[in-house]
Amino acid sequence: MAMADFTVPASVATVLNQISAAIYRLHDLAEVAEFKAQALYLLTETVAFDHAFWLCCAVDSEPEQQRLGYDFDAAKGVGQWHRNGAAKVTEHDGQSLCDLSTIQCGEKHRLDFEIGLDRAKHQLTLLRHEQNQPFDSFDADVTRFMVENMVGAFDLLLHHRLAHIPKENCGRAICDQQGRVLKADSEFIEWMCRQFPDWTMAQSIPALKQDPEQGLGLIAGSAQSMMLNVAIDGDLHQLKVYQTKGPQAEWDKLTPTEFDVVWRLSQGLTPKQLAKLKGLSVSTIGNQIDSIHKKLGFKKNTEVIEAFIRAGLLDPDKDDN
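Everything numeric here is computed off the predicted structure, so don't read it as measured data.

A. Region of the structure containing empty space enclosed by the protein. Counted according to the given criterion, the structure contains one cavity of 30 Å³ or more. Reported here for the largest cavity is a volume of approximately 40 Å³. In terms of lining, the largest cavity is formed by V262, L265, I292, H293, N301, V304 and I305. Put simply, the parts of the chain that give the lining of the largest cavity at least two residues each are α5 (256-266), α7 (282-296) and α8 (301-311). Ranked by residue count, the leading element in the lining of the largest cavity is α8, at three residues. A class-by-class count of the residues in the lining of the largest cavity yields five nonpolar, two polar and no charged.

B. Molecular detail of unusual backbone geometry. One non-glycine residue, D118, lies in the positive phi region at around 60°. Tracing the chain through its elements places D118 in the loop between β6 (110-117) and β7 (120-127).

C. Looking closely at the nonpolar core. If you look at the biggest cluster of nonpolar residues, it comprises 46 residues, and the most contacted ones within it are L40, F49, W54, L126, M150 and F154. Where this core is concerned, the elements lending two or more residues are α1 (10-24), α2 (32-43), β1 (51-58), β2 (67-73), β6, β7 and α3 (137-164). For this core, the leading source of residues is α3, giving 12 residues. Residues within four places of L40 in sequence aside, it is in contact with F49, A52, W54, Y70, F72, L124 and M150. If you look at the next biggest cluster of nonpolar residues, it comprises 15 residues, including V262, I285, F298 and A307.

D. Spatial organisation of the packing of aromatic side chains. The tally for this structure, following the rule as stated, stands at six aromatic pairs. On the numbers, 6.4 Å between centres and 50° between planes, the contact of F49 with F72 is tilted. One end of the pair, F49, is in the loop between α2 and β1; the other, F72, is in strand β2, and 23 residues separate them in sequence. A relative accessible area of 7% places F49 in the buried class. Taken together, a centroid distance of 6.5 Å and an interplanar angle of 75° make the contact between F188 and W199 edge-to-face. Of this pair, F188 sits in helix α4 (residues 186-195) while W199 is found in the loop between α4 and β10 (216-220), placing the two residues 11 residues apart along the sequence. Exposure class is identical for F188 and W199. Each is buried.

Thresholds, definitions, all that
Residues numbered from 1 in each chain as written. Predicted model: local features only at pLDDT ≥ 70, side-chain atom pairs only at ≥ 80, totals over all residues. Heavy atoms only, no water. 1 Å grid on protein atoms, 1.4 Å probe; cavity = no way out; pocket = protein on both sides within 12 Å on 5 of 7 lines; lining within 4 Å. Points joined across faces, edges and corners; volume = space filled by probe spheres on them. Helix = DSSP H or I, 4+ residues; strand = E, 2+ residues; numbered from the N terminus. Nonpolar A, V, L, I, M, F, W, Y, C, P; charged D, E, K, R; others polar. Core = buried A, V, L, I, M, F, W, Y, C linked by side-chain atoms within 4.5 Å. Buried < 20%, exposed > 50% of the residue type's maximum accessible area, 1.4 Å probe, protein only. Contact = heavy atoms within 4.5 Å. Phe/Tyr/Trp six-rings, centres within 6.5 Å; stacked < 30°, edge-to-face > 60°.

See below:
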């Protein structure tokens, strides 16, 4: 919606443009929650509301029972991530505040918007609790104008985030909670299509855990083994996909014993110490290490350990002795 699509006094138009410019300047903030909180706080300067709920996902994401959104308390000027059902996204005093199954703008005490830009879809709900202060059509027009600017600024945030994911011989992408891509560089698309020829950006990324609490997931395909690093920031997942150093690296070929050997080596044990710990000969441990190297295509223990740490297959700081 352009300013010309609705009538406002010149002084109001000036304020709206100034606030819109301020919202666009938020795109380089460190955290998504900080961006949404400040954008919604700026929105309160154009239209009064009590609560807002902001949810972002890919345009082709499927409905799900649980979805994370940003719940903003305008009176306090703060918000929090809140996970509830897709139909009833958040509740206060037992009452549903937002029903995303009926997106209608201009409802009496609630404004609902669904706006898509590129591959991202934003669902934003504003609420007024006072029965004698309903939203009117002017509120709806002004809010839609501002929300479209907020969505545009969020798109810049995605570009900024993608560009600042460290470039370490990897493909980079940002996806939603269902693993559907919002932004990706050409290397990420190329590597994913090579690994999974039938995959498209409209589908969830294969082998990506839906709730990767440990921060890392693993992709192991038949043509090439690839590791997928996941960093979570609110409702966004920042991805880096790596091709393993050994073209024949197949993580699932390692035996439990070999995994344990790698973990022990990561704790700083030498083959001699490991042999003593397990009650085996040094030559037996050496044979196990040689087998690991051969299966994964590495030549040094440090390469194996670094790859395992990066893939989330072990935690070198954890001591399970």
